[in-house]
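One letter stands for each residue in the lines below.
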Amino acid sequence: MIKYLIKENKEKTKIFEILAFILLIAVSLGSPILVHYFGLKGTEYLPIFFALSLGSFILNPLTLIILSIASPLINSIITGMPQIPVLYFLIFEGFIFSILISSLKNKFPFFILAPLSFISARFSSILLVFLLNENIEIWFNGIINGYKGIIINSLFAIATYFIFKNRFKI
C-alpha cells in the first residue's frame, strides 16, 4: 500500500510540475506584452523575470533552470523580442538567478535572497560582454536602466513568497 501511495504522489508531482511549467511559460509570454501595453519598457521593468520569480517557489531546480532558458527563447520565437544579443543576456541572467535561488533557498531569508539573486544575475552578465565582444557601455546602461525591474521583481518575489510559503512548505 505504501509503495502505491509513493508512486501516486510522484506521478502527481510530475503532472503538477508539467502544468506549472506550461503556466509559467504563459506568464513569461504575457508579462512582457502587459508591460509594453501600458507603455513601459521591458529593458527597465524586466517582465520576463516574473515567471522565474513564481517558478522559484513551485518548480524543482532543474525545471526552473529549463524555464529560465525556455522563456526568453519562446518569447523571441513568438514575439520577436528579445532580439539577439539581448536574448543571450536574458538567458544567462535567468540561468544565474535560477542557480542562486535553487542553491541558496534554505540558507538565507528570502527577503534578502531574492534581491541579491536578481542583482547578482544582472551583474554576472558582464561575462557575456567580453565573450560576445559587446559594447560595455550598452551593458552598463542596461544595468542602470534595469534597476526598476530589479526592485519590482524583488518585491514581487518577496510578496509571492509570503503568499506561497505555507502552501508549498517553502
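In this text the structure is predicted, and so the values were computed from the model without any measurement.

The subject of this paragraph is the nonpolar core. Formed by 30 residues in total, the largest nonpolar core has its most connected members in Leu24, Phe49, Leu59, Leu67 and Phe110. At the level of secondary structure, the elements contributing two or more residues to this core comprise helix 1 (2-37), helix 3 (49-58), helix 4 (61-79), helix 5 (86-104), helix 6 (110-124) and helix 9 (147-164). Setting aside chain neighbours within four positions, we find phenylalanine 110 in contact with Ser56, Phe57, Ile101, Pro115, Ala157, Ile158 and Tyr161. Membership of the second largest hydrophobic core comes to five residues, among which are Leu128, Val129, Trp139 and Ile143.

Here the distance between the centres and the angle between the planes together describe a pair of aromatic rings. For the structure on display, the rule yields six aromatic pairs. Ring geometry for phenylalanine 49 against phenylalanine 118: centres 5.9 Å apart, planes inclined by 90 degrees, an arrangement best described as edge-to-face. Here the residue phenylalanine 49 occupies a position in helix 3, and phenylalanine 118 occupies one in helix 6, the gap between them amounting to 69 residues. You'll find phenylalanine 49 and phenylalanine 118 in the same group, each marked buried. With centroids separated by 5.2 Å and ring planes inclined at 65 degrees, the aromatic side chains of tyrosine 161 and phenylalanine 162 adopt a geometry described as edge-to-face. Cluster of aromatic residues (ring-pair linked, three or more members): Phe49, Phe97 and Phe118.

Backbone torsion omega between methionine 81 and proline 82 reads 0 degrees, so that peptide bond is classified as cis. Within the fold, proline 82 resides in the loop between helix 4 and helix 5. At the junction of isoleucine 84 and proline 85, the peptide bond is cis and its omega measures out at 5 degrees in the coordinates. With respect to the element layout, proline 85 can be found in the loop between helix 4 and helix 5. Even without a glycine there, the phi angle at leucine 46 is positive, about 45 degrees.

Next up on the list: the side chain of serine 31. Residue position: serine 31 is located in helix 1. What serine 31 contacts, discounting residues up to four positions off in sequence, is Pro47, Ile48 and Phe50.

We now examine the side chain of serine 154. Here serine 154 is to be found in helix 9. For serine 154, a relative accessible area of 5% corresponds to the buried category. Excluding anything up to four places from it in sequence, serine 154 contacts Ala114, Pro115 and Phe118.

This paragraph deals with the confidence of the model for the protein chain. Averaged over every residue, the pLDDT of the protein chain is 85; the share at 70 or more is 91%. By mean pLDDT, the top-scoring element of the protein chain is helix 4 (93), and the lowest-scoring one is helix 1 (78). Segment residues 1-7: pLDDT under 50, and zero contacts once partners within four positions in sequence are set aside and those in other chains are kept.

As a further point, take the pattern of salt bridges. One pass over the structure, following the stated rule, counts two salt bridges. Of the charged contacts, one joins glutamate 44 and lysine 148 as a salt bridge, the two residues approaching to 3.1 Å between their closest N and O atoms. In this pair, glutamate 44 is assigned in helix 2 (residues 42-45) and lysine 148 in helix 9, connecting sequence segments 104 residues apart. Here glutamate 44 falls in the buried class, since its relative accessible area comes to 17%. Classification of lysine 148 as partly exposed rests on a relative accessible area of 26%. Ionic pairing is found between glutamate 93 and arginine 122, a salt bridge with its closest N-O pair at 3.1 Å. Separated by 29 residues along the polypeptide, glutamate 93 in helix 5 and arginine 122 in helix 6 bring together distant segments of the chain.

Basis of the calculations
Residues numbered from 1 in each chain as written. Predicted model: local features only at pLDDT ≥ 70, side-chain atom pairs only at ≥ 80, totals over all residues. Heavy atoms only, no water. Core = buried A, V, L, I, M, F, W, Y, C linked by side-chain atoms within 4.5 Å. Buried < 20%, exposed > 50% of the residue type's maximum accessible area, 1.4 Å probe, protein only. Helix = DSSP H or I, 4+ residues; strand = E, 2+ residues; numbered from the N terminus. Contact = heavy atoms within 4.5 Å. Phe/Tyr/Trp six-rings, centres within 6.5 Å; stacked < 30°, edge-to-face > 60°. pLDDT = per-residue confidence, 0-100. Salt bridge = Lys/Arg side-chain N within 4 Å of Asp/Glu carboxyl O.

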